[in-house]
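# Coordinates in review
The chain contents come next:
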Amino acid sequence: MLDDVILQTILPVTHDLGGFKVHRTLPAKERTMVGPFLFFDQMGPAQLAVGGGIDVRPHPHINLSTVTYLFGGALDHRDSLGTLATIEPGAVNLMTAGHGIVHSERSPFADRAGGALLSGIQTWLAMPEDREEMDPAFEHVTAAALPTIEAHGARARVIMGELWGQRAPTTTYAGTIYADISLDPGASVPIDAAADERALYLAEGSAELEGMALEPQRLYVLRPGLAATLTSRSGGRAMLCGGDAFATPRHVWWNFVSSRRDRITEARRAWTAGEFPLIPDDDAERIEIPGTPKTVSYP
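Just so you know, these numbers come straight off a predicted model, no measurement behind them. (Residues numbered from 1 in each chain as written. Predicted model: local features only at pLDDT ≥ 70, side-chain atom pairs only at ≥ 80, totals over all residues. Heavy atoms only, no water.)

With that out of the way, let us pick up the pattern of salt bridges. The tally for this structure, following the rule as stated, stands at 16 salt bridges. A salt bridge links Glu-132 to Arg-250; the nearest nitrogen and oxygen atoms lie 3.3 Å apart. Highlighted residues: Glu-132 in the loop between β11 (117–126) and β12 (137–141) and Arg-250 in the loop between β24 (236–243) and β25 (251–253), separated in sequence by 118 residues. Accessibility expressed as a relative area gives 3% for Arg-250, which makes it buried. For the salt bridge of Glu-133 with Arg-263, the shortest nitrogen-to-oxygen distance reads 2.6 Å. On the criterion of sequence distance, the pair formed by Glu-133 in the loop between β11 and β12 and Arg-263 in helix α3 (residues 261–272) is long-range, its members being 130 residues apart. (Salt bridge = Lys/Arg side-chain N within 4 Å of Asp/Glu carboxyl O. Helix = DSSP H or I, 4+ residues; strand = E, 2+ residues; numbered from the N terminus. Buried < 20%, exposed > 50% of the residue type's maximum accessible area, 1.4 Å probe, protein only.)

As a further point, take the environment of Trp-164. When you line up the elements, Trp-164 lands in the loop between β15 (162–163) and β16 (166–167). Separated by 27 residues in sequence, Trp-164 and Ile-191 have C-alpha atoms that sit 8.9 Å apart.

We now examine the layout of surface pockets. As a volume, the largest pocket reaches approximately 800 Å³. If you list the elements that add at least two residues to the lining of the largest pocket, you get β3 (21–26), β4 (37–47), β5 (55–61), β10 (101–106) and β11. Among the elements that line the lining of the largest pocket, the one with the most residues is β5, at five residues. Here the second largest pocket defines a volume of roughly 310 Å³. As for the second largest pocket, its lining consists of 15 residues, and the residues nearest its centre are Val-13, Pro-27, Ala-28, Lys-29 and Lys-294. Contributions of two or more residues to the lining of the second largest pocket are made by β2 (13–16), β3 and β27 (296–297). For the lining of the second largest pocket, the residue count by class is seven nonpolar, four polar and four charged. (1 Å grid on protein atoms, 1.4 Å probe; cavity = no way out; pocket = protein on both sides within 12 Å on 5 of 7 lines; lining within 4 Å. Points joined across faces, edges and corners; volume = space filled by probe spheres on them. Nonpolar A, V, L, I, M, F, W, Y, C, P; charged D, E, K, R; others polar.)

Here we come to the packing of aromatic side chains. By the definition in use, this model includes seven aromatic pairs. Look at Phe-40 and Tyr-201: their rings are 4.8 Å apart centre to centre, the planes differ by 45°, and that puts the pair in the tilted class. Pair noted here: Phe-40 is in strand β4 and Tyr-201 is in strand β19 (residues 197–205), with a separation of 161 residues, a long-range link. By the burial criterion, Phe-40 is buried, and Tyr-201 matches it. Members of the aromatic cluster, connected to one another through ring pairs, are Trp-254, Phe-256, Trp-271 and Phe-276. (Phe/Tyr/Trp six-rings, centres within 6.5 Å; stacked < 30°, edge-to-face > 60°.)

Taken as a whole and assessed by the stated rule, the structure comprises one cavity of 30 Å³ or more. By volume, the largest cavity amounts to about 60 Å³. Considering the residues around the largest cavity, the lining is formed by Pro-36, Ser-65, Leu-94, Leu-125, Ala-126, Met-127, Met-160, Thr-171, Thr-172, Tyr-173, Ala-174 and Thr-176. Residue composition of the lining of the largest cavity, by class: eight nonpolar, four polar and no charged.

All right, on to the pairing of strand β17 (residues 176–183) then. Burial runs high along β17: eight of the eight residues are buried. On β17, burial covers both faces: Thr-176, Tyr-178, Asp-180 and Ser-182 on one face and Ile-177, Ala-179, Ile-181 and Leu-183 on the other are all buried. Sheet topology places strand β14 (residues 154–160) next to β17; six bridges connect them, and they run antiparallel. Bridged to Ala-154 within β17 is Leu-183. With eight bridges joining them, β17 and β24 adopt antiparallel strand pairing. Each bridged residue has a counterpart across the sheet, and for Thr-176 the counterpart in β24 is Gly-243. (Pairing = 2+ DSSP bridges.)

Encoded structure:
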């Protein structure tokens, strides 16, 4: 029975950002983390208006890692380290905020003439307490560098951690698993029970877990210690995420994450005071701290 395998089902909160929608399943009132994952957004899919694109203006982060993974389209990442990296489908951008970083994400200029495409997953990962204040860092891992396992109509790209005997080169700071699973009609893939905490998210099409249908844009937290089989009768795409359970919770307020609530208070003060570093060639505008942020999670 599905209830034997599924511990919790988290429904999305959907935000219309003008031209595209974001479906957010973490953090939620009923659950704030799955392994190190404490934020899980599906962006789009959306075809934006001709001449238009995504412009996420410069904004700050602390004490977390952001992971961007696209199904379609492209984004230019810029940050206060001086990074300029264009991410395309199948690659991963990992930005580690450490004691403080500022970044922006924008549709490439060349994509705007025909109307930019946006489709993908944005996640945030908590850092172990002894790594929260490390120096900021950024890495881009190409699609070709990420291991892909293919068998009998199933294709799984390992984005982070080790799965199905293959390890991704992407840096991890705590035990982490993260994969993109595509299933042709009739295909199946085993979901191992090794990680402390695991969740499945159906991003596209249809899929079944232990024969029971999954609904799209829901995060299914799996019961620890139980292996399962993911199948698809008509074809689908799912994300598997999770890893080591964290012994201590994380505070989340707007773009700030920390094990210490007073650290978030300090980050709010520093951003308001203009004390975060600037992004070279993208410092003419920024996102101000909102009165009531959409993302708040206090233990």
